Amino acid sequence: MRQATLLLALALAAAPSAEARERGDVDFPEKLPESPKERRCCGYPLGEYKLSFYWLSYERDYAAEAYDTPVFTIEGWLVGMFPRRFVEELTMEGTAVLADGRVLNYAGRCRYGTGICFQACDRAAFPVGIGVRGRSLVPYRSVAVDPAVVPIGEPLYFPELDGIELPDGTLHDGCVRADDQGGAIRKREIDFFVASYDEFKKIADAIWWRMKVTPHVEEPRCRYLLDTPPSPPSPPPPIARR
């Protein structure tokens, strides 16, 4: 009790008097400098989602196999004959690069060939494929979502991807965008688009094969993706028969 009383007395003695404050004889500490607001924070987490990957298929990977399976456009034009396993991967992934440099993209179900038809992409507008609603796919940025859960065009932030090294040596900032949807993507699932199967394995290694992400919406650091509008739909170039 005596110690507390002594401390209080010392504090009162050190405090400036009212007269001193009025005369301006008190040296007040300088005001702390204002720090800029942190614009990188904070979005709203949507909870945990299952993460999967999809990628470009390449005809060159199957060049040694028999060309025995036809691929058609949705209008019924024959694109060409291709190896069966290549067509199966193309059907699963949705986009492929042909040996002659053309890019084929999923066009929908049809009554020709395997029942799934494709279209050639305008490579100036869609270098690696077309997402939903005419959006241009971008490796490491585009994801496929269930539009009933995540709106198409919505930027998302994945903390799990922030800072991982990409195959080209750059670091990912965790920002992606809902540019696509998949028939097998339901509810709390997200499909991440990469350029190849080998790149999928490298990124999976970087996240220790933990196929879970926590998407954040309205994240300020990913707002720049709103400034990249989707490419306008354009008619596909004519496909030469093989």
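Just so you know, these numbers come straight off a predicted model, no measurement behind them. (Residues numbered from 1 in each chain as written. Predicted model: local features only at pLDDT ≥ 70, side-chain atom pairs only at ≥ 80, totals over all residues. Heavy atoms only, no water.)

Draft legend 1. Layout of the overall build of the protein chain. Of regular secondary structure, the protein chain possesses four helices and 14 strands. Every one of the 242 residues in the protein chain was classed for burial, and the buried ones make up 41%. Long-range contacts, defined as pairs at least 24 residues apart, comprise 69% of the intrachain contacts of the protein chain with a sequence gap of at least 6. For the protein chain, the exposed surface amounts to about 14500 Å²; the carbon and sulfur share of it is 56%. (Helix = DSSP H or I, 4+ residues; strand = E, 2+ residues; numbered from the N terminus. Buried < 20%, exposed > 50% of the residue type's maximum accessible area, 1.4 Å probe, protein only. Contact = heavy atoms within 4.5 Å. Areas by Shrake-Rupley, 256 points an atom, 1.4 Å probe, with all protein chains shown as cover.)

Draft legend 2. Expanded view of the layout of surface pockets. Space inside the largest pocket adds up to approximately 660 Å³. If you trace the largest pocket, you find 24 residues lining it, with Met92, Glu93, Gln181, Gly182 and Gly183 closest to the centre. Here the lining of the largest pocket is built from residues that sort into 11 nonpolar, nine polar and four charged. (1 Å grid on protein atoms, 1.4 Å probe; cavity = no way out; pocket = protein on both sides within 12 Å on 5 of 7 lines; lining within 4 Å. Points joined across faces, edges and corners; volume = space filled by probe spheres on them. Nonpolar A, V, L, I, M, F, W, Y, C, P; charged D, E, K, R; others polar.)

Draft legend 3. Representation of unusual backbone geometry in the model. A positive phi angle is found at Arg133, which is not glycine, with a value near 60°. Mapped onto the fold, Arg133 is located in the loop between strand E8 (116-120) and strand E9 (142-144). In this structure Arg133 comes out as exposed when scored by relative accessible area, which is 61%. One non-glycine residue with positive phi stands out, namely Lys187, at about 55°.

Draft legend 4. Focus on the pairing of strand E7 (residues 103-109). With three bridges joining them, strand E6 (residues 95-97) and E7 adopt antiparallel strand pairing. From the neighbouring strand, Val97 faces E7, where its bridge partner is Val103. Following E6, the chain reverses through five residues before pairing antiparallel with E7; Gly101 in that reversal takes a positive phi of roughly 100°. In this structure, E7 lies alongside E8, joined through five bridges in antiparallel fashion. Bridged to Asn105 within E8 is Gln119. Hairpin connection, E7 to E8: the antiparallel pair is bridged by six residues, and Gly113 has positive phi, about 55°. (Pairing = 2+ DSSP bridges.)

Draft legend 5. Molecular detail of the sheet that holds E8. Read from one edge of the open sheet, four strands run E3-E6-E7-E8, paired in mixed fashion. Of all strands in the sheet, those bounded by a partner on one side alone are strand E3 (57-58) and E8. One ladder, built from two bridges, connects E3 with E6; its direction is parallel. When the sheet's bridge partners are listed, Ser57 is paired in E6 with Ala96.

Draft legend 6. Seen up close, the packing of aromatic side chains. Under the criterion given, the structure shown has 11 aromatic pairs. Summarising the aromatic geometry, the rings of Phe72 and Tyr112 are spaced 5.9 Å apart at their centres and angled 35° between planes, so their arrangement reads as tilted. One end of the pair, Phe72, is in strand E4 (residues 67-72); the other, Tyr112, is in the loop between E7 and E8, with 40 residues separating them in the sequence. Since its relative accessible area comes to 18%, Phe72 is described here as buried. For Tyr112, a relative accessible area of 21% corresponds to the partly exposed category. Across the ring face of Tyr157, the terminal group of Arg221 is positioned such that the distance to the ring centre comes to 4.3 Å. (Phe/Tyr/Trp six-rings, centres within 6.5 Å; stacked < 30°, edge-to-face > 60°. Lys NZ or Arg CZ within 6 Å of the ring centre and 35° of its normal.)

Draft legend 7. Region of the structure containing helix H4 (residues 197-206). Restricting attention to buried positions, one finds in H4 the residues Glu199, Phe200, Ile203 and Ala204. One side of H4 carries all its buried residues, which in axial view fall inside an arc of 140°. Looking at the buried side of H4, the elements it contacts are strand E2 (49-55) and strand E12 (189-194). Within two residues after H4, Trp208 carries a phi angle of roughly 60°, on the positive side. (Arc of directions from axis to C-beta.)

Interpretation note: all reported values are geometric properties and have no functional meaning in isolation.
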